[in-house]
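# A look at the structure
Chain by chain, the residues:
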Amino acid sequence: MEKIRTPLLTEDEKYMKEAIRQARKAESLGEVPIGCVIVYQGKIIGRGYNRRMIDHTVLAHGEIIAMKKACRKMGDWRLEGCRIYITLEPCPMCAGAIVQARIPEVVIGSMNPKAGCAGSVLDLLHQEGFKHRCQGKTGVLQEECSAMMTGFFRQLREAGKQKKKEERRKKEEAAKLLDRE
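Residues numbered from 1 in each chain as written. Predicted model: local features only at pLDDT ≥ 70, side-chain atom pairs only at ≥ 80, totals over all residues. Heavy atoms only, no water.

### Observations regarding the packing of aromatic side chains
- Taken as a whole and judged by the stated rule, the model has two aromatic pairs.
- Ring centres of tyrosine 15 and tyrosine 85 lie 5.4 Å apart, and the angle between their planes is 40 degrees; this geometry places the pair in the tilted category. Of the two residues, tyrosine 15 sits in helix α1 (residues 11-28) while tyrosine 85 sits in strand β3 (residues 82-88), which places them 70 residues apart along the sequence. The same class applies to tyrosine 15 as to tyrosine 85, namely buried. (Phe/Tyr/Trp six-rings, centres within 6.5 Å; stacked < 30°, edge-to-face > 60°. Helix = DSSP H or I, 4+ residues; strand = E, 2+ residues; numbered from the N terminus. Buried < 20%, exposed > 50% of the residue type's maximum accessible area, 1.4 Å probe, protein only.)

Dropping the structure here:
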């Protein structure tokens, strides 16, 4: 019997898969599927996923949640020596927090041309005036990360269309009932 070989994942792909698992948790809650993990010395010390709708706060981004957990684990607000894996390019708040936490390495799945601040709209991670700048890598498992986002928003649009159809149908039924009277 021939043994089937599966391709080995790189270290970056391995941890991005973990970030994708976090994003799937967000998606299962109806949240935008963005996930994040923070790695220190080969171990995940922080995990997070979007929870803005569930927690009713703009601050509940996956990166912020993961950084809080990592800081607790490290016993410090500085996350020097860590690497952060994010399924989608960070927003201004998260990019700023990454810089403030002194995270030296950022690995991004897919870029965000509408709101990304690691090179798309702005590049806060490499801003000349800041004391700390991050090294970065983009496009790690990009197809999987992008497909997850595209699928989520496609479903959201479809659900919105279905809701409008249902509302229209109810209005038509109500109008028919009124016409009969």
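### Focus: the layout of surface pockets
- Reported here for the largest pocket is a volume of approximately 310 Å³.
- Lining the largest pocket are Leu88, Ser110, Met111, Asn112, Pro113, Lys114, Ala115, Ser146, Met149, Thr150 and Phe153.
- In terms of residues, the lining of the largest pocket owes the most to one element, helix α5 (residues 142-180), which gives four residues.
- Residues belonging to the lining of the largest pocket are distributed by class as follows: six nonpolar, four polar and one charged.
- Along its surface, the second largest pocket is lined by 15 residues, and Ile34, His61, Leu88, Cys91 and Asn112 are the ones closest to its centre. (1 Å grid on protein atoms, 1.4 Å probe; cavity = no way out; pocket = protein on both sides within 12 Å on 5 of 7 lines; lining within 4 Å. Points joined across faces, edges and corners; volume = space filled by probe spheres on them. Nonpolar A, V, L, I, M, F, W, Y, C, P; charged D, E, K, R; others polar.)

### Looking at the environment of glycine 35
- Turning to its location among the elements, glycine 35 is positioned in strand β1 (residues 35-40).
- Look at glycine 35 and you get buried, because its relative accessible area is 0%.
- Distance from glycine 35 to glutamate 18, taken between C-alpha atoms, is 8.2 Å for residues 17 residues apart in sequence.
- The contact partners of glycine 35, leaving out residues within four places of it in the chain, are Ala19, Gln22, Ala23, Gly48, Tyr49, Tyr85, Ile86 and Thr87. (Contact = heavy atoms within 4.5 Å.)

### Quick look at the packing of helix α3 (residues 62-74) against helix α4 (residues 92-100)
- Where α3 contacts α4, the two axes come as close as 9 Å, and the packing angle between them is 25 degrees. Between α3 and α4, the angle falls in the class roughly parallel. Taken as a pair, α3 and α4 cross one another with a handedness that is left-handed. Judged by residue contacts, Glu63, Ile64 and Met67 of α3 engage Met93, Cys94, Ala97 and Ile98 from α4. (Axes fitted to C-alpha atoms, helices over the stretch in contact; angles between N-to-C directions. Parallel < 35°, antiparallel > 145°, perpendicular 65-115°, else oblique. Left-handed = near helix turned anticlockwise from the far one by under 90°.)

### What about the nonpolar core?
- By size, the foremost hydrophobic cluster in this structure holds 31 residues, and its most contacted members are Ile38, Met67, Leu79, Ile84, Ile98, Val106 and Leu125.
- Of all the elements in the fold, those that place two or more residues in this core are β1, α3, β3, α4, β4 (105-110) and α5.
- In terms of residues, this core owes the most to one element, α4, which gives five residues.
- Apart from residues no more than four positions distant in its own chain, isoleucine 38 is found in contact with Lys43, Ile44, Ile45, Gly46, Ala66, Met67, Ala70, Leu79, Cys82, Arg83 and Ile84.
- Among the nonpolar cores identified, the runner-up in size contains 13 residues, and Val39, Val107, Cys145 and Met148 belong to it. (Core = buried A, V, L, I, M, F, W, Y, C linked by side-chain atoms within 4.5 Å.)

Spatial relationships are all this shows, so hold off on functional conclusions.
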